[in-house]
Amino acid sequence: MGQKTNPLCFRLGTTHSHHSVWFEEPKKYSMSIQEDQKIRDFFKNYIQYRITKYLKIMTKKLQKLQLQQKKQKNKKKKTKIPLALLFLPPFGFEGIIRIQIEKQGVKAKKRFVRIIIYSGLVPKFLLKGNALANFKKNIKKQEFYSIYPRRFRIQFEHAQEALSSQPNLIAEFIALQLKHRVPFRKTMKKAIDLTKFTGTKGIKIKLAGRIDGKDIAREEGKRKGKLPLQIICAKIDYCSHTIQTVYGVLGLKIWIFRK
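Quick caveat: nothing in here was measured; it's all calculated off a predicted structure.

Calculation criteria
Residues numbered from 1 in each chain as written. Predicted model: local features only at pLDDT ≥ 70, side-chain atom pairs only at ≥ 80, totals over all residues. Heavy atoms only, no water. Core = buried A, V, L, I, M, F, W, Y, C linked by side-chain atoms within 4.5 Å. Buried < 20%, exposed > 50% of the residue type's maximum accessible area, 1.4 Å probe, protein only. Helix = DSSP H or I, 4+ residues; strand = E, 2+ residues; numbered from the N terminus. Contact = heavy atoms within 4.5 Å. Pairing = 2+ DSSP bridges. Axes fitted to C-alpha atoms, helices over the stretch in contact; angles between N-to-C directions. Parallel < 35°, antiparallel > 145°, perpendicular 65-115°, else oblique. Left-handed = near helix turned anticlockwise from the far one by under 90°. Nonpolar A, V, L, I, M, F, W, Y, C, P; charged D, E, K, R; others polar. Phe/Tyr/Trp six-rings, centres within 6.5 Å; stacked < 30°, edge-to-face > 60°.

## Regarding the nonpolar core
So, step 1. If you look at the biggest cluster of nonpolar residues, it comprises 28 residues, and the most contacted ones within it are I170, I174, I205, L207, L252 and I254.
So, step 2. Those elements that provide at least two residues to this core are β3 (112-119), α6 (167-179), α7 (184-194), β5 (202-209), β7 (236-245) and β8 (248-257).
So, step 3. Residue contributions to this core peak at seven residues, all from α6.
So, step 4. In contact with I170, other than residues within four places in its own chain, are F93, S164, S165, A191, T195, I203, I254 and I256.
So, step 5. Of all hydrophobic cores here, the second largest spans 21 residues; its members include F42, F43, I99 and L121.

## A look at the sheet that holds strand β6 (residues 218-225)
So, step 1. Strand order in this open sheet of four strands is β6-β5-β8-β7, and the pairing throughout is antiparallel. Of all strands in the sheet, those with a lone pairing partner are β6 and β7, marking the two edges. In this sheet, adjacent strand axes meet at a mean angle of 10° when their direction is disregarded.
So, step 2. As paired strands, β7 and β8 are joined by ten bridges and run antiparallel to one another. When the sheet's bridge partners are listed, Y238 is paired in β8 with W255.
So, step 3. Along the sheet, α6 contacts β5, β7 and β8; its crossing angle with β7, the most-contacted strand, is approximately 25°.

## Here's the deal with the packing of α6 against α7
Helix packing for two helices is described by the angle between their axes and how far apart those axes are.
So, step 1. It is at 10 Å that the axes of α6 and α7 come closest, and there the two elements cross at 150°. When the interaxial angle is binned, α6 and α7 end up roughly antiparallel. In the packing of α6 onto α7, the handedness of the crossing is right-handed. On the side of α6, the interface is formed by I170, F173, I174, Q177 and L178, while α7 contributes F184, T187, K190, A191 and L194.
So, step 2. For the contact of α6 with α7, the class distribution of residues is seven nonpolar, two polar and one charged.

## Observations concerning unusual backbone geometry
So, step 1. For R181, which is not glycine, the phi torsion reads 60° and is therefore positive.
So, step 2. By secondary structure assignment, the location of R181 is in the loop between α6 and α7.
So, step 3. What makes R181 exposed here is its relative accessible area of 55%.
So, step 4. The backbone of D212 shows a phi angle near 60°, a positive value even though the residue is not glycine.
So, step 5. Within the secondary structure, D212 sits in the loop between β5 and β6.

## Describing the packing of aromatic side chains
So, step 1. Using the criterion set out here, one finds eight aromatic pairs in the structure.
So, step 2. Measuring from centroid to centroid gives 5.6 Å for W22 and Y29, while their planes differ by 55°, and the two rings are tilted.
So, step 3. For Y29, a relative accessible area of 45% gives the class partly exposed.
So, step 4. Each ring, one from F42 and one from F144, has its centre 5.9 Å from the other, and the planes form 55°; the classification is tilted. Within this pair, whereas F42 is found in helix α2 (residues 29-71), its partner F144 is found in helix α5 (residues 143-147), the two being separated by 102 residues in sequence.

Quick look at the structure:
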């Protein structure tokens, strides 16, 4: 029998670091873990929703400008498309990669929580005007804020590696394709093709459940390149994702070997 272990936990301290950095008293330790999960769930759902909404509006603007350009015959008087609209990430690759939580020491007078959000599209619009005021109101309404009221310092960071080499974003892309009834083999092949020019050495995708709405649940997978799971110094990214479809819940796992 093969003993399975999470590739990220297996490599803590070598190629990966903790996503939560804090120190807590033994009595409050379990409460802090639950608080971390609630913080992650809220920020992921809220920011993901706002980013997708913003991306839909911006793509509509881009389409309008492109139509205007086609209609205009004079090359000199053509409408210019802003660079921000041209470099928008494709649907499925705009989401959150990971959320890092840093809490101040137990004995500190003014305690605060620093939340670093790594995403495909950095939502700068959330930190301005009415959007920022609504964001703060929503944070104060949450359960994690009412138990321990403290200051939240939110920081947005762009992904260091290419977006098409992030397992979380690839999982979101596959989920989006399967919800639109695209054949699963075609989506898996396309996801592997997207990682070709990103410098990844290997990728493995596993999909399980009632695939294509069949009565009997099964497991399907695809693999390309190397994937040394037993070597600790090998930098392997991993993601497990659940997909809510019309015919049931599907489980998705992705492994990516970088170095």
